[in-house]
Every structure is written in C-alpha cells, then in structure tokens.
Amino acid sequence: MDNDYLWDPSAPPDPEVERLEQMLGRLRSTTPAPSIADLVRRMPGHDVLRWRTARFLGPALAAAAAVVLMIAASWQSMRTLHLAPGWDVASLEGQPRIGSAIVADIGRLAVGQTLTTDASSRARLDISTLGAVTVETNSRVRLVATRADHFRLALERGTLHAVIVAPPRQFVVDTPSSRATDLGCAYMLHVDEDGTGLLSVTAGWVSFESKGRESFVPAGASARTDPDHGPGTPRYDVTDQRFRDELDFVDEGPRMEGYASALAYVLEHASVHDAMTLWHLIPRVAPSDRGAVVDALAARAPMPTSVSRDAVMRLDKAALDQWWDSLGLQDASWWRLWKSELGK
Amino acid sequence: MEHVLEFGRPVLRFPAAGSRDQGARSLGETLQAVAAGDQDAFTRLYADYSRMVHAILLGRVPGRDVDDLVQDVFLTAYTRLAGLRNPDAFGGWLAAIARNRATDHLRQAREQERLPDEMPGGESIDAETFAVLEIVRKLPETYRETLVMRLVEGMSGQEIADRTGLSPGSVRVNLHRGMKLLREKLGPAKPDTTVHESGNG
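First, a word on what this report is: a plain description of the structure on this page. (Residues numbered from 1 in each chain as written. Chains lettered and ligands numbered in written order. Predicted model: local features only at pLDDT ≥ 70, side-chain atom pairs only at ≥ 80, totals over all residues.)

### Some points on the overall build of chain A
Counting secondary structure elements, chain A contains 11 helices and 16 strands. Counting only residues that meet the buried cut, chain A has 35% of its 344 residues in that class. A separation of at least 24 residues holds for 37% of the contacts in chain A among residues at least 6 apart in sequence. (Helix = DSSP H or I, 4+ residues; strand = E, 2+ residues; numbered from the N terminus. Buried ≥ 20, exposed ≤ 12 C-beta atoms within 10 Å, placed from the backbone. Contact = placed C-beta atoms within 7 Å.)

So this is what it looks like as structure tokens:
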C-alpha cells in the first residue's frame, strides 16, 4: 500500500524495526483466554464464600471464614476510604504540578487541590469507574468533589478532553460561565482567561447550563459559553462559518447591534440538520421573534400533531419536549431525568 | 435501526450511523453476550483486546506481573460491563482500566517496597531485550503504548486504531514519532552499556 512497515507489517520490512520486533516480540503474551469461571474465582472473597458453603466445613471453619470476610470487608472499606478523596494523576508530557509539587510520573489529586500544566506539560486524571480526563497544556483544573456517584472538576482555564464511561450525570465540570454535565460521552472543553469557553462533543451528549439557560449538545456539535450569557446555542460543527458567526450574534441578545439581521440569516439558512439549533433558539430569542423561529423549525421539522403552536409559544415544557422527541435525536425524557435527579 | 445496550441499567440509544455503527453493533452484541456469561464471546473479546491490554501494562509494570494483571483487567471489565453504554467506547474504556490497574499495582508495589523483577514466567529473555524495553518505557506515554502494541504485540497500525479508539492518523503519528525518539535513545550502537553483547547495532 504505502510502503510504511511501521504502520503495515505486510509492507516491505524496515530492517531496524524488524530487528526490534524480533527482539521485543519475545515479551508477547501467549497466555490463552481464561474461562469466565476462572476469572470470577479471582474476585476477592470468592473462595471464602465457596468454602463457607461447602458441606464438609465444620462450624469452626465457617466462623473463621466469617472472620476473614469481616477483615476483608473492613480492609476494603478502609481502602475505599483511603482512595475516595482523590484522583490518580499521570504525567503525559513535561512537568505538571499539583499545587507546587511536580508530578514526575504519577501522583494523586486530592479534593480542593489544583492541577496545573504549563506550555510543555499535559496530564491525565484517571478513575476507573468514571473514565479519563486529559488536561492539556496551559490549563488549571481543581478537583471539587469525588464521591461514589458524583465527580466534579472546576476548569479555571485551559483545555480538557474527557472520555466518560460512568452513568450519565455523574461527572460535572464547572467553568467560570457554565456547568458541563456528562450525559454519557466524550468531549473537549476549553476556557479562556476571561471565562469564555467552548464545548465540543465527539460522542454522546453533554448538558451545558448556567443562568437559567441550558444547552444539550450532541456528538458533532459545539456550544460557546461566556460569563455574561452562559451557554450559547449549540450548532453542528459542519455548519458554515457564516452561520456560526450569525448565531453568535443572536446569542448576544436582542440589544446587540445586528441581532435582527443575524437572526434572519440563521432562520433563512438553517438546514433540516439544524433543527436541533432552531429548537434551542425558541426560548432564547425575544418573545416578538419567537413566532419566526417556531415557523422556521416547523418548516424543517414538522410540529407533531399532538403539539399546538400556542403551547410552544407559551414555552410549555411538555410541548417543547414532544417536538424535540420528534426530531429523532434522543428522547427528552432521559435528559429531563438527570435534572430532576440532580435536584434531589 | 438503533443500537441499544441493555444491562438492566439506564441506557442510551445509539442511532445508526453508517459503517461505524455496523462495527459497533457487532461489538455491542459480543459485549452483551459476555455480560450474559457467554464463554465463546468472552474468548473472542479476549483474543481481540488482550494484546492491547498486555501492551499497556508491559509499558508500565514489571514483566513478571503483567499476565496476572491482564486477567485482573478483564475481571474488572467483566464485572463493570453493565456500566458501559456505548460499545464504541469499549477499547478506550478497557485501556483506561488497564492504566488504572497498572497505577494501582505500582502504588502497592512501592508501599511494599518490592523490587521490580523482569522475568516473566521463568522464560529466558536476554538482557538486551529488557534494556530496550526499559528505554521504550521511558518514552512519553502516548508513544510508549503505541510502540509496545506494534513492536511487542505485533499489531498493525490499523489494529491499534481499531482497538484503542484512536484515529488512524494519531496512531501513525505516534508510531513514527515514537520510533524516531526510540532510535535517538538507542543511538547508533548498543541500547545500554549494561546489556549483553548480541552482535546487533
């Protein structure tokens, strides 16, 4: 194909790479796949439980096993408590710092501590039940909270990439102008010194919320944020630059010079694909402009027969949710759910 | 069409999206079968991903511990499979588990003041091999993992991309930059003054 042996081992060999392969290949694993049963036997306490239930065990051994179980449970509890207040940090490049201490290889970020990277350093935060967060150069991240089902960072400036495998709404990142709540996803979040920022989602969904505004940003879309207005209207990254620029004007609000023409441009040039963007605009524009946005969305994604225009104009949540559901993106119920659970 | 991965917890639904969805659906089915205790599906999954896990661990922990830790990683993945909602994320998720397991292992080893032992399973491996591996381990993580997958595990660039979830472009860059760094560190002669003579330059 492209004669790149390093990429494609079927290409003509590079002698040096081939020599290294032959040498290091001796370290290759040849262990066959274990059975699931064998794996499960590795679980802490498995043997103890099995022994306890064996008929031949006398009461004394059962009691001993129970003691072992209690000790194991206590140890696990202590270990959990020991590990709970912080996250593992791995240096990826350069010399990231936790507080003033350099992270040479691995370290631990405790609640309240700040991880800082400079122009030549990067780091990764790992927690196995949550996923991984890569902190890029020139960034400052504080660990706000870490509990069994709630993990919170504050990105004060810079860029992070998050790949989250925990259930939705457990991982939250605060920025100076918005709060990003993971809804099962991978995303990039950037914050400038002045508190403005950009969220770009590569998989799943992220909720972006502040000042009573909420944006639900799907994969392939981005949303800006700034301290004055909170999260901006999400837009797909494939939309052209002019469309995104005009949308930024609209997000500045009706008092912004050029708002009317910007809104007109967005409503005229939105594609069927931009229905998600138009839906977000309905409650954001001035009441006098709402009808035009509703009409523009209806022209691209017909209003469900169960929804009345009046209800949408009143910003009736059920009506808006039904229309959203009809867009074929994702049922509104699940992302409404995260809010109600957060509010508990 | 849409893919739904259900393990008795709240799940996300993934709309169909071309060829990537085809691959994800196939992996999703395998993951569902594994979660249900299907040994054949587990063996397939292990065959597809164990080299990636082995490479990540070998880049970080003493060789003699790696095979054991590979099983730990798959045990962790098996018990937490219910929490994985997007099959596309499996490779990255499993890699994260492997990195965390390596980190935990190193921390425990430090607490116990264990000395590293590089003799995996009693197999005879010459000192030069370990010397080169040690140099690879000192490379930046991004390059180190990719290079170990390529040079130790024999994975192609495309396989590395498929398993880790990295883009092919990123893998190619990591391979070439990593190899360049490795060449510089190996130098024109022997990789380390302590290695045995092997006749290789």
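### Observations regarding the interface of chain B and chain A
Size of an interface, as often reported, equals the accessible area lost when the parts are brought together. Across the boundary between the two partners, chain B contributes 57 residues, which contact 39 residues of chain A. Within the residue set of the side of chain B that touches chain A, elements represented by two or more residues are helix H2 (39-58), helix H3 (63-80), helix H4 (90-111), helix H5 (127-137), helix H6 (141-152) and helix H8 (168-186) of chain B. Along the lines of polarity and charge, the residues of the side of chain B that touches chain A split into 25 nonpolar, 20 polar and 12 charged. (Nonpolar A, V, L, I, M, F, W, Y, C, P; charged D, E, K, R; others polar.)

### Regarding helix H8 (residues 287-300) of chain A
Within an α-helix, residues lying three or four positions from one another point in the same direction, as the helix has 3.6 residues per turn. Residue and element names in this part refer to chain A. Its 14 residues give H8 an end-to-end C-alpha distance of 21 Å, which sits within 8% of 20 Å, the value for a rise of 1.5 Å per residue. Buried within H8 we find Val 293, Val 294, Ala 296 and Leu 297. Taken around the axis of H8, the buried residues stretch over an arc of 165°, which confines them to a single face. Buried residues belonging to H8 abut helix H6 (259-269), helix H7 (275-281) and helix H9 (309-313). (Expected span 1.5 Å × (residues − 1). Arc of directions from axis to C-beta.)

### Topic: unusual backbone geometry
Residue and element names in this part refer to chain A. The phi torsion at Asn 138 lies on the positive side, around 55°, for a residue other than glycine. Tracing the backbone shows Asn 138 in the loop between strand E7 (131-135) and strand E8 (140-147). Even without being glycine, Leu 315 reaches a positive phi, approximately 60°. With respect to the element layout, Leu 315 can be found in the loop between H9 and helix H10 (317-326). Under the C-beta neighbour-count criterion, Leu 315 is labelled exposed, with 12 such atoms within 10 Å.

### What about the nonpolar core?
Among the nonpolar cores identified, the biggest contains 98 residues, and Val206(A) and Leu57(B) are the most heavily contacted of them. Residue contributions to this core peak at 10 residues, all from H2(B). Excluding its chain neighbours within four sequence positions, the residues that come into contact with Leu57(B) are Val66(B), Leu69(B), Val70(B), Ala98(B) and Ala102(B). Residues Val266(A), Ala270(A), Ala275(A) and Leu281(A) belong to the second largest nonpolar core, which totals 21 residues. (Core = buried A, V, L, I, M, F, W, Y, C linked by C-beta atoms within 7 Å.)

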